[in-house]
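Listed below, chain by chain, are the residues.
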Amino acid sequence: MAAPETIDTRISSTGGRTSGFDYLRSSLSIAVIVFHGVITSYGEVAEDQVWNGWWHPFLAVVLPAFFALSGFLVSTSLIRSKTIFEFVTLRVVRMMPALFGEVLISALLLGPLLTAFTIQEYFSSRQFYVYWLNIIGEIHFQLPGLFLDNPDPGRVNLQLWTIPLELKCYFVVTCIYLVGATRKRARMLWILAAALILLPLEDMAIGHDMAPADTVPAKVLIESFIAGVTMFFYRDKIPLTFPLFLLSAVLSFICLSTPATTYMPACRSPI
């Protein structure tokens, strides 16, 4: 009997790149934008109604899946980099231009056109200047006089809230390299286990609520990222079979449908 196809053999058969990753990343990105559009257009009441509907399991998996996919794909960059400095440089080059472009367009083009303030008030406001800190990952959502009458007033780009978490994930993967997990992949299992145990214990120690959150807890995203990194290093051991996919999908749906098991162990408070 032939051995089942693995993630590694599938990637190798396509020359190192599969279109499935592109489709998945695009689908997850669109889902995030649509959900944030609900918050921006209709406010927190609508957000709660959408989040807690019968389709909750499908929404609840989006961001963890996005971060797990990111962990898997970032690992390819990690092993291709000759030094950790090269890896960090590539991460900076990937993020900084995009953040700079977002800030430039929002602050200097859309802001002056859409603000309810005068141009002088707009450019003299502190909000205008601190918004530029988004470029280095210190996130600010407001620009002076923008979207004040929205149901979720003052938000310019809600999607930026994940940027600090992405930076933390890049720090984590740098540490993974430094402890030698890229050379001895068994260490990744210990790192993943430690993350799943210690991150919730940290919240218990400081008194955070361990009940399931109304939105995705930040630490669940970091755990998902580490899980994606682990999957990458064990890609030659993970079979690509429909029964395994179906079992994973059913178990995920059941867990995400039940308040007691959604994002557990996790906490309400973000990092």
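Residues numbered from 1 in each chain as written. Predicted model: local features only at pLDDT ≥ 70, side-chain atom pairs only at ≥ 80, totals over all residues. Heavy atoms only, no water.

Peer 1: Looking at this structure, how should I read the overall build of the chain?
Peer 2: The secondary structure content of the chain amounts to 11 helices and zero strands. Going from N to C terminus, the chain has its helices and strands arranged as α-α-α-α-α-α-α-α-α-α-α. The C-alpha radius of gyration of the chain comes to 21 Å, within 12% of the 18 Å expected for a compact globule of 271 residues. Evaluated residue by residue, the chain yields a buried proportion of 39% over its 271 residues. In the chain, the share of contacts with a sequence separation of at least 24, taken over all contacts with a separation of at least 6, comes to 71%. Within the structure as shown, the chain displays about 15,300 Å² of accessible surface, and the carbon and sulfur contribution to it stands at 69%. Averaging the coordinates of the 18 positive side-chain charges in the chain and doing the same for the 19 negative ones gives two points 15 Å apart. (Helix = DSSP H or I, 4+ residues; strand = E, 2+ residues; numbered from the N terminus. Rg over C-alpha atoms; globule rule 2.2 N^0.38 Å. Buried < 20%, exposed > 50% of the residue type's maximum accessible area, 1.4 Å probe, protein only. Contact = heavy atoms within 4.5 Å. Areas by Shrake-Rupley, 256 points an atom, 1.4 Å probe, with all protein chains shown as cover. Lys, Arg positive; Asp, Glu negative; His and termini not counted. Charge placed at Lys NZ, Arg CZ, Asp CG, Glu CD.)

Peer 1: Looking at this structure, I do not really get the state of the cysteines. What am I missing?
Peer 2: One way to say it: the disulfide is the covalent bond shared by the sulfur atoms of two cysteines. Under the definition given, this model contains zero disulfides. Here C175 is not disulfide-linked; the sulfur of C169 is the nearest cysteine sulfur, at 12 Å. (Disulfide = S-S within 2.5 Å.)

Peer 1: Teacher, can you tell me more about the pattern of salt bridges here?
Peer 2: Two side chains bearing opposite charge may form a pair once their charged atoms approach each other closely. A complete count under the given rule lists five salt bridges for this structure. R10 is the partner of E5 in a salt bridge, and the nearest nitrogen-oxygen pair spans 2.8 Å. For R25, the salt bridge goes to D22, with nearest N and O atoms at 3.6 Å. Separated by three residues within a single helix, R25 and D22 lie in helix α2 (residues 19-51), roughly one turn from each other. Given a relative accessible area of 34%, R25 falls into the partly exposed group. (Salt bridge = Lys/Arg side-chain N within 4 Å of Asp/Glu carboxyl O.)

Peer 1: Help me understand the packing of helix α4 (residues 62-80) against helix α5 (residues 84-114), please; the structure alone is not making it clear to me.
Peer 2: For any two helices packed against each other, one specifies the crossing angle of their axes together with the interaxial distance. Where α4 meets α5, the closest approach of the two axes is 8 Å, and the angle between their N-to-C directions is 140 degrees. Viewed along their axes, α4 and α5 adopt a mutual orientation that is oblique. The two elements α4 and α5 meet at a crossing, and its hand is right-handed. In contact with V74, S77 and L78 of α4, α5 contributes I84, F87, L90 and R91. A per-class count over the contact of α4 with α5 returns five nonpolar, one polar and one charged. (Axes fitted to C-alpha atoms, helices over the stretch in contact; angles between N-to-C directions. Parallel < 35°, antiparallel > 145°, perpendicular 65-115°, else oblique. Left-handed = near helix turned anticlockwise from the far one by under 90°. Nonpolar A, V, L, I, M, F, W, Y, C, P; charged D, E, K, R; others polar.)

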